[in-house]
Amino acid sequence: MKSLTIFFIGVAVALAIVLVVTYFIKGGVKFNSTLIFVAGFVIGMLTLYIKVRLMGF
């Protein structure tokens, strides 16, 4: 389970870097669409994490 937590933290850091780069390079509309993608990805990863924790792995 510890490696799964480290994986999710790594993904969160990567998504944060994508948001920062998109904000400073593209800005505006591109940032908003990237933000929606990242929010959906985070929600999906969070539900997967909760599911795996409830299953006891």
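This text goes with the structure placed above it.
Residues numbered from 1 in each chain as written. Predicted model: local features only at pLDDT ≥ 70, side-chain atom pairs only at ≥ 80, totals over all residues. Heavy atoms only, no water.

Chemist: What's the story with the side chain of T22 in this structure? I'm lost.
Modeler: Residue placement: T22 occurs in helix α1 (residues 2-25). A distance of 2.7 Å separates a polar atom in the side chain of T22 from the backbone oxygen of V18. Setting aside residues up to four positions removed in sequence, T22 forms contacts with G27, K30, F31 and T34. (Helix = DSSP H or I, 4+ residues; strand = E, 2+ residues; numbered from the N terminus. Polar contact = N/O pair within 3.5 Å; in protein donor to acceptor, adjacent residues only side chain to side chain. Contact = heavy atoms within 4.5 Å.)

Chemist: Help me understand helix α2 (residues 28-55) in this model?
Modeler: With 28 residues, α2 should cover 40 Å at 1.5 Å per step; its first-to-last C-alpha distance of 41 Å lies within 8% of that length. Of all the residues in α2, the buried ones are F31, T34, V38, M45 and V52. (Expected span 1.5 Å × (residues − 1). Buried < 20%, exposed > 50% of the residue type's maximum accessible area, 1.4 Å probe, protein only.)

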